[in-house]
Amino acid sequence: MPSTPLITGGCLCGAVRYEASGEPDYAGHCYCADCRKASGSGFIPFMGFPAAALRITGATRQFGSPSFRGTEAVRNSCPACGGLVFGGVVGEDVSHTIYAGSLDDPSRFRPTIAIFNRDRPEWVPLPAGLTVFETMPG
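These lines cover the structure that appears in this document, whether it is placed above or below. In this text the structure is predicted, and so the values were computed from the model without any measurement. Residue numbering note: each chain is counted from 1, following its sequence as written. Since the coordinates come from a predicted model, pLDDT governs what is reported: local features require at least 70, and pairs of side-chain atoms require 80 or more to be given and counted, while whole-chain, interface and lining totals use all residues. Derived side-chain values reflect all non-hydrogen atoms in the structure, with water molecules and hydrogen atoms excluded from consideration.

## Regarding the pattern of salt bridges
Next, step 1: What counts as a salt bridge is simple: a side-chain nitrogen of Lys or Arg found within 4 Å of a carboxyl oxygen of Asp or Glu. Across all of its chains, the model carries five salt bridges by this definition.
Next, step 2: Across the salt bridge formed by R118 and D119, the nearest N and O atoms sit 3.4 Å from each other.
Next, step 3: Within this structure, E23, R108 and R110 form a network of salt bridges that share partners.

If you want it as C-alpha cells, here you go:
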C-alpha cells in the first residue's frame, strides 16, 4: 500500500517551512474578523494537524490575540518576508493550523467546513458543499 505523500509548504521567501504527514483532521475557511485582518482577505483557508504530524523549520514571528474561546490564538509568520504560515505554539500546542495559502501544492487543500459564517462579508461567496457553522463547531 503506497504511503500518503507529505504535505509541504512555507512562507514567501522560504525561510519558514513545514512538512505534514497524513491527511488533515479538518480543513475549511474561517471568516472571523481576526482571520480577515491577519490575512488582508475575506477569510483564511486552514488545515488542522496534530502537532506530532508536523515538522516546522525556521524562526517565526508570533502574534497573539484573544480567541473566541477566551484563550490566546497565536499566528506565526516569517520575520523576513511577513508570510503568514501556521497557527499555534510549537512545543506547547497539541495541534496546529496550517494556512492553505502557504501550501506548495494548493490542490492538497480540500475544505469541508466554514466557520464564523456570521462574520463573513457579503462580498465573499460561500462555496457550495461546505458544512457551515455560525461560530465554532460544537
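Let us keep going from here.
## Describing the sheet that holds strand β1 (residues 7–10)
Next, step 1: The rule for pairing is simple: two strands pair if DSSP sees at least two bridges between them. In DSSP terms, a helix is any run of H or I states spanning at least four residues, a strand is any run of E spanning at least two, and both are numbered starting from the N terminus. Ordered in space as β1-β2-β5, the three strands form an open sheet in which the pairing is antiparallel. Since the sheet does not close on itself, it has two edges, and those belong to β1 and β5 (54–57), each with one partner. Going across the sheet, the axis of each strand differs from the next one's by a mean of 10°, ignoring polarity.
Next, step 2: Bridge analysis of strand β2 (residues 17–20) against β5 gives four bridges, and the strand direction is antiparallel. When the sheet's bridge partners are listed, R17 is paired in β5 with T57. For helices, the fitted line uses only the C-alpha atoms of the stretch in contact; every axis is such a line through C-alpha atoms, and the angle between N-to-C directions lies from 0 to 180 degrees.

## Side note on the sheet that holds strand β7 (residues 72–77)
Whether parallel or antiparallel, the strands of a sheet pair through hydrogen bonds between backbone atoms.
Next, step 1: Read from one edge of the open sheet, eight strands run β6-β7-β8-β9-β4-β3-β10-β11, paired in mixed fashion. The sheet terminates laterally at β6 (61–66) and β11 (131–132), the two strands that pair on one side only.
Next, step 2: Pairing of β7 with strand β8 (residues 84–87), which is carried by three bridges, proceeds in the antiparallel orientation. Following the sheet pairing, S77 is matched in β8 by L84.

## Structural notes on the nonpolar core
Next, step 1: We call a set of buried residues a nonpolar core when its members are Ala, Val, Leu, Ile, Met, Phe, Trp, Tyr or Cys and they connect through side-chain atoms within 4.5 Å of each other. Summary of the burial criterion: residues with accessible area below 20% of their type's maximum are buried, those above 50% are exposed, and those between are partly exposed, where the area comes from a 1.4 Å probe applied to protein chains only. By size, the foremost hydrophobic cluster in this structure holds 16 residues, and its most contacted members are I7, M47, F49, V85, I98, L103 and F109.
Next, step 2: Those elements that provide at least two residues to this core are β2, β4 (44–50) and β8.
Next, step 3: In this structure, F49 is in contact with I7, A20, S21, G22, E23, P24, D25, L54, S95, H96 and I98, ignoring residues within four places of it in sequence.
Next, step 4: If you look at the next biggest cluster of nonpolar residues, it comprises nine residues, including C32, I44, I113 and F116. In what follows, residue pairs with any heavy atoms lying within 4.5 Å of each other are defined as contacts.

## A look at the pairing of β8
Next, step 1: Taking the residues that link successive antiparallel strands as the turn, the β7-β8 hairpin has six residues, and the phi of G82 there is positive, at about 85°.
Next, step 2: Of the strand pairs in this sheet, β8 and strand β9 (residues 95–99) are connected by two bridges, and their pairing is antiparallel. Within β9, the residue paired with G87 across the bridge is T97.

## Some words on the environment of E19
Next, step 1: Residue placement: E19 occurs in strand β2.
Next, step 2: C-alpha separation for the pair E19 and P111, spaced 92 residues apart in sequence, amounts to 19 Å.

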